[in-house]
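# Summary of structural features
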Amino acid sequence: MLSSRGVSARTRSFQRCVAALAVCAAACAQGNPDEPDGAVTDVVTEVDAAKADAPDVPSPADAPDVVDAPSTLDIPDVPSPVDVPDVSVPDEAAVDAGPSCAFAMCGDRCVDTATDPRNCGACGNDCGALPGVDPSRVACRAGACDVASACLAGRAHCSTNPADGCEADVTTASRCGSCSTACTGDSPVCGPSAGGRYACQSGCVAPTSTRCGSTCVDTTSDIVHCGACGRACAPATGGVPTCAASVCGVRCVSGYHSCGGVCASNASVDTCGAACAPCPAPLNGSATCDGTACGFACNAGFHRCGSACASDTSPSTCGASCSPCTAPTNATPTCDGTACGFACNSGFTRMGSACVAIAAPRLVAPLSTAFVTSRRPTLRWALAAGTDGAQVDLCRDRACAMVTATLNATGSSVTPSTDINAGLVYWRVRGAVGASRGTANSPVWQFTVLARGASVDTSWGTALDVNGDGYSDLAVGQPQVGGQPGRAFVFHGSASGASRTASASLTGPDGSGLHYFGYSVASAGDVNGDGYADVVVGATDAASDGRAYVYLGGPSGLALEPSVVLTPPSGARSFGASVSGAGDVDGDGFSDVVVGAPGPAGGATNTAVIFYGSASSPLGGRSAALTWVASGATASERQNQRLGETVSSVGDVNGDGFADVEVGMPSVTSAILPGVVVFRGARGGVVTTAEWLLREDTARVGTDFGASLAP
């Protein structure tokens, strides 16, 4: 029989080994969470089975001495189940429980109630029997059941008493998966989760798998919760909001189409029809859209011409027309917004449906080369047809390169508002129609302003300036030269005085006879109105009864051939014995000429003849014979009165605006006293009846009173 000491040693060694295995198994369960919960339990279970199945301990006599096992046993990792050595353990009940069991004897077993889950803290206190626990995973630590990792799915230990086990149901919304987790908000439902656990869930299933508030929605297509709860797709004008693949979009309704993610109106000019670009519009037009195609409407005052908006008032597209207005020559088309018209160009005036040049007026007074009595002479002209006024230039030179004043006038005359400087003045006029001024100038005339003006506004005389250079020229007659035909000469004036050499030498055109060409010579004034002084030369014996020749002045001087040959009236003799410019006796603006025909004593008619100037036929047209008959004188006596021996212009002796002429009558008959007869000018022509008869204070026969005259 084994000694009490030997049995106890073996028993204690075995018990210590089993206890160490149990502690190791528990430690492994605590320290290796990846180990299956059943592994430790299996180890413990196997150990318990080994103890139960241990063979009877041999009798003490047969048993060899057993050396006490060390108190600390190194146990290698042993896979479950644990191989327990086949060691016979004596029946605990039969073993002296005294000092041989280091833990507690529970029945016939010596257990460590500090770690034994079946006898945890006390024999029979089985942790695996606690509510809601998995026995295979329960543990006992420090004599208390540890169920933290042993709760069945859906159960949890929530009390402070370990004896309550996994008393709490954690599958409800108030406790879901843990003691302190309550399901609220978007996850109000508690349900199974991964690893057999429970977790708060939305409670929603596909396709409405997302809970937003109290509603399960499909955030991939819900327009109120598109992609996330509360992310609403905004309403769109002309469209219905959509949600696809968690992205908001829009579906356009009828009458709208998509342009860059927004719905655009089919009728908008910015997105007409199916377009996403604005409708174009021409200048002065506005874009339109009929819901299908773009168009345009022209603004007020414009109308459509092709693809453009044309002005109603443009001559190119007048009114509603797309064709240009036409205009006559020298005119510009116009448009009043409804109908075409035309306006004559500058310098032209309208006559019917045509535009004609605004003709220059014809100058009337003062005559070119005349002397004026006033520092503010009245300038007169005859208006051209269709004109109502004129524009006057006063110039320092004949070319009017230096204009000193420009006067605008309505009607046919103008008087300067200020004095004109003394000296030679050139002037010209242009016609006017209303505010339109012609471009055609009249011929340039000249007059001389005296240093001291008179109260009477008139003109008189003429300055011989055949080339219009502003210098007076001289004319000299030479009736005969050694039996040769006579001649006449013109010497030009200049800044240095009269030329020593004749600028023009005139020869009588009637052959080589002694015709006394040059018997008389004088300035004729400006007989054709071109602004240049002309010359008249008398030849008393030309063609037997006499002739007078008129030579026209011009820019280059006097013409060498006569422009007209003046002839006497029937019965007159010695025609050309006297010649003179008469001034403008009829007021038509052309200088007239007076020629005397005193006739030889005994038998001839004595007279003087006025020849009227004109533009078309200077002095070759109208004429008027001047006569005077002494009261009571016989025909024979009248023939010897020598009327016309001398002639001259006297200017405007009565200030009526018409030039007057004087005719000398140095009578050689005792019946008629010598004298000077004055004939008055008038509109339409000279008054052929003598206006005044001048004689010396003591009239005497044979005194030759009137043998020479001057204005």
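All of these numbers come straight from a predicted model, not from anything done at the bench.

## Notes on the overall build of the protein
For the protein, the helix and strand inventory stands at three helices and 47 strands. A buried classification covers 41% of the 711 residues belonging to the protein. For the protein, long-range pairs separated by at least 24 residues make up 45% of all intrachain contacts whose partners lie at least 6 apart in sequence. Only carbon and sulfur atoms are counted for the fraction: they give 53% of the accessible area of the protein, which is about 33,400 Å².

## Some words on the environment of T334
Relative to the assigned elements, T334 resides in strand β19 (residues 331–335). On the basis of relative accessibility, which here comes to 29%, the residue T334 falls in the partly exposed class. Remark: the alpha-carbon pair of T334 and C344, spanning 10 residues in sequence, is separated by 9.9 Å.

## Things to note about a nonpolar patch on the surface
A surface patch of nonpolar side chains, about 260 Å² in accessible area, is lined by V653, W692 and L694. Tracing the backbone shows L694 in strand β47 (residues 692–694). Residue L694 is classed as partly exposed on the basis of its relative accessible area, which comes to 39%.

## A short note on the state of the cysteines
The final tally for this structure, using the stated rule, is 22 disulfides. Between the sulfur atoms of C176 and its disulfide mate C190 the distance is 1.9 Å. Across the S-S bond of C176 and C190 the torsion is about 85°, and the bridge reads as right-handed. Here C176 is found in the loop between β6 (168–169) and β7 (189–192), whereas its partner C190 is found in strand β7, with 14 residues between them in sequence. Overall, C176 belongs to the buried group, its relative accessible area being 3%. With relative accessibility at 14%, the residue C190 sits in the buried group. The partner cysteine of C226 in its disulfide is C243, sulfur to sulfur 2.0 Å.

## A word on the sheet that holds strand β42 (residues 607–611)
Overall, antiparallel pairing links the four strands, which are arranged β40-β41-β42-β43 in an open sheet. Because the sheet does not close on itself, it has two edges, and the strands there are β40 (578–583) and β43 (623–626). In this sheet, adjacent strand axes meet at a mean angle of 25° when their direction is disregarded. Pairing geometry for β42 and β43, over four bridges, is antiparallel. The residue bridging V609 from the neighbouring strand is A625, located in β43.

## Some words on the side chain of D312
Assignment of secondary structure puts D312 in the loop between β18 (308–311) and β19. Summary of buried charges: D312 has no salt-bridge partner, and the nearest side chain of opposite charge, R304, is 13 Å away. For D312, the contacting residues outside a window of four places in its chain are G301, F302, H303, T317, C318, G319, C335 and G337.

## Points about the pairing of strand β16 (residues 294–298)
With five bridges connecting them, strand β15 (residues 285–289) and β16 associate as antiparallel partners. Counterpart to S286 in the pairing with β16 is A297. The turn linking β15 back onto β16 is made up of four residues, and G291 within it adopts a positive phi angle of 95°.

## Section: the pattern of salt bridges
When charged atoms on two side chains of opposite charge get close, those side chains can pair. For the structure shown, the criterion picks out nine salt bridges. E645 is the salt-bridge partner of R642, the closest N and O atoms lying 2.3 Å from each other. The partner of R680 in a salt bridge is E691, and the shortest N-O contact between them spans 3.4 Å. Of this pair, R680 sits in the loop between β46 (675–679) and β47 while E691 sits in the loop between β46 and β47, and the two are 11 residues apart along the sequence.

## Topic: the pairing of β19
When β19 meets strand β20 (residues 340–344), the two strands line up antiparallel, connected through five bridges. Paired with A331 across the two strands is C344, which belongs to β20.

## Some remarks on unusual backbone geometry
Here the residue pair A206 and P207 is connected by a cis peptide bond, since its omega of 5° sits within 30 degrees of zero. Mapped onto the secondary structure, P207 falls in the loop between β8 (198–201) and β9 (210–212). In the segment running from A365 into P366, the intervening peptide bond is cis, with an omega of -5°. Among the structural elements, P366 can be located in the loop between β23 (362–365) and β24 (370–372). The phi dihedral of A142 falls on the positive side, at around 55°, and the residue is not glycine. By the secondary structure assignment, A142 is in the loop between β3 (139–141) and β4 (144–146). By relative accessible area, A142 is classed as exposed at 73%.

## Some details on the packing of aromatic side chains
Within this structure, the stated rule accounts for six aromatic pairs. Seen from their ring centres, F371 and W460 are 4.9 Å apart, and the 20° between their planes marks the pair as stacked. One end of the pair, F371, is in strand β24; the other, W460, is in strand β32 (residues 459–460), with 89 residues separating them in the sequence. By relative accessible area, which is 33% here, W460 ends up partly exposed. Relative to F611, the ring of F575 has its centre 6.1 Å away and its plane inclined at 75°; by these criteria the two rings are edge-to-face. Linking F575 in the loop between β39 (564–566) and β40 with F611 in strand β42, this pair joins segments that are 36 residues apart in sequence. The pair F575 / F611 is uniform in exposure class, with both members buried. Taken together, W427, W445 and F447 form an aromatic cluster joined through their ring pairs. Positioned above the aromatic ring of Y532 is the side chain of R398, whose terminal nitrogen or guanidinium carbon lies 4.1 Å from the ring centre.

What counts, and where the lines are drawn
Residues numbered from 1 in each chain as written. Predicted model: local features only at pLDDT ≥ 70, side-chain atom pairs only at ≥ 80, totals over all residues. Heavy atoms only, no water. Helix = DSSP H or I, 4+ residues; strand = E, 2+ residues; numbered from the N terminus. Buried < 20%, exposed > 50% of the residue type's maximum accessible area, 1.4 Å probe, protein only. Contact = heavy atoms within 4.5 Å. Areas by Shrake-Rupley, 256 points an atom, 1.4 Å probe, with all protein chains shown as cover. Patch = residues over 30% accessible without salt bridge, like charges linked within 9 Å, V, L, I, M, F, W, Y side chains within 5 Å. Salt bridge = Lys/Arg side-chain N within 4 Å of Asp/Glu carboxyl O. Disulfide = S-S within 2.5 Å. Pairing = 2+ DSSP bridges. Axes fitted to C-alpha atoms, helices over the stretch in contact; angles between N-to-C directions. Lys, Arg positive; Asp, Glu negative; His and termini not counted. Phe/Tyr/Trp six-rings, centres within 6.5 Å; stacked < 30°, edge-to-face > 60°. Lys NZ or Arg CZ within 6 Å of the ring centre and 35° of its normal.

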